[in-house]
Amino acid sequence: MREQEKDCERILFSAEEIAAEVKKAAAWLDERYEGCEPIAISVLKGSVIFFCDLVRAMKTPVQMDFMTLSSYGGGTSSTGMPKIVMDLSASVEGRDVLLVEDIVDSGHTLVKLKQLLSGRGAKSFTVVSLLDKPSRREVDVKADYSCFTVGNEFIVGYGLDYDQRYRNLPFIGVLKREIYEK
Ligand code: PRP
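Residues numbered from 1 in each chain as written. Predicted model: local features only at pLDDT ≥ 70, side-chain atom pairs only at ≥ 80, totals over all residues. Heavy atoms only, no water.

1. What to know about the overall build of the protein
Each helix and strand counted, the protein has four helices and nine strands in total. In the protein, the succession of α and β elements from N to C terminus is β-α-β-α-β-β-β-α-β-β-β-β-α. The C-alpha radius of gyration computed for the protein amounts to 16 Å, which stays within 12% of the reference 16 Å derived for 182 residues, consistent with globular compactness. In terms of overall dimensions, the protein has a C-alpha envelope of 50 × 35 × 25 Å along the principal axes. Expressed as a percentage of its 182 residues, the buried residues of the protein come to 47%. Summing over all exposed atoms, the protein offers an accessible surface of approximately 9,100 Å²; the carbon and sulfur share of this is 49%. (Helix = DSSP H or I, 4+ residues; strand = E, 2+ residues; numbered from the N terminus. Rg over C-alpha atoms; globule rule 2.2 N^0.38 Å. Buried < 20%, exposed > 50% of the residue type's maximum accessible area, 1.4 Å probe, protein only. Areas by Shrake-Rupley, 256 points an atom, 1.4 Å probe, with all protein chains shown as cover.)

Here's what the structure looks like:
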């Protein structure tokens with residue numbers, strides 16, 4: 001057992017369950033992007049593990065780019081004011097953009113990204129998110145495709161962190177309250 005697994009009260013989605021959903025998401029994207037070569041954007045850092053698995057499961061050729069946005073700071077809830085920490089390296093003008101997120105929570109990050117990228121002239125914009133947490137939504141926005149819907153629990157693993165830790169757990173687990181209420 002991994003040391004950090006003990007900090008989870010339970011496993012919500014196993015590595016196998018995640019892999020099966022990633023495959024389905026990739027098939028959905030392959031159908032949508034037939035004949036296209038989109039720019040796949042990983043919104044760092046949370047989406048990086050999902051992104052790497054997703055693009056490798058896709059048959060569609062993609063170009064890859066990365067953007068770092070931050071909304072949580074060191075806490076457990078969104079500040080509602082995502083900031084660009086690192087921008088894309090290439091232009092999205094006239095391109096099909098596939099935005100890959102780990103979670104849509106309040107929705108502020110997604111709204112900001114949609115405004116930003118459509119302002120830069122993206123031809124189309126598709127959002128795939130590993131997780132959807134609709135109970136916490138503050139703005140009316142959602143991903144075009146979500147692998148899992150989750151309740152209002154503090155989850156970590158498969159890219160998701162608490163205070164920059166737990167991202168490399170291969171599953172998604174619910175963090176014990178005593179860890180973040182210390
Ligand atoms: C998380 C997550 C999303 C965003 C979603 O990023 O990766 O980008 O929050 O929250 P929202 O819907 O409330 O805007 P975070 O700022 O925690 O950075 P990280 O990806 O580096 O963990």
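2. Details of the packing of aromatic side chains
Considering all chains together, one arrives at six aromatic pairs under this definition. Relative to F148, the ring of F13 lies with its centre 3.8 Å away and its plane at 20°, an arrangement referred to as stacked. With F13 in strand 1 (residues 8–13) and F148 in strand 7 (residues 145–149), this pair connects stretches of sequence that are 135 residues apart. Both residues of the pair, F13 and F148, count as buried. An angle of 90° between the planes, with centres 5.6 Å apart, marks the rings of F154 and Y162 as edge-to-face. (Phe/Tyr/Trp six-rings, centres within 6.5 Å; stacked < 30°, edge-to-face > 60°.)

3. Description of the side chain of S129
The residue S129 is located in strand 6 (residues 124–132) in this model. Leaving out residues up to four positions away in the same chain, S129 has contacts with F50, E101, D102, I103, V104, A143, Y145, S146 and C147. (Contact = heavy atoms within 4.5 Å.)

4. Some remarks on the packing of helix 1 (residues 15–32) against helix 2 (residues 48–57)
Between helix 1 and helix 2, the least distance of the axes is 8 Å, while the angle of their chain directions is 55°. The orientation of helix 1 relative to helix 2 falls into the category oblique. Crossing of helix 1 against helix 2: the hand is right-handed. For the pair helix 1 and helix 2, the contacting residues are V22, A25, A26, L29 and D30 in the first and F50, D53, L54 and A57 in the second. (Axes fitted to C-alpha atoms, helices over the stretch in contact; angles between N-to-C directions. Parallel < 35°, antiparallel > 145°, perpendicular 65-115°, else oblique. Left-handed = near helix turned anticlockwise from the far one by under 90°.)

5. Section: the site of the ligand
Close to the ligand lie 19 residues, the nearest being S71, E101, D102, S106 and T109. Residue S106 places a side-chain N or O atom 2.5 Å away from an oxygen atom belonging to the ligand. Side-chain polar atom of T109 to an oxygen atom of the ligand: 2.5 Å apart, as the coordinates give it. Surface burial for the ligand is 94%, taken as the share of its 490 Å² of free accessible area covered by protein chains. (Near = heavy atom within 4 Å. Polar contact = N/O pair within 3.5 Å; in protein donor to acceptor, adjacent residues only side chain to side chain.)

6. What about helix 2?
Regarding helix 2, the residues found buried are F50, F51, L54 and V55. Looking down the long axis of helix 2, one finds its buried residues gathered within 120° of arc, a one-sided arrangement. Buried residues belonging to helix 2 abut helix 1, strand 2 (39–44), strand 3 (63–70), strand 5 (96–104), strand 6 and strand 7. (Arc of directions from axis to C-beta.)

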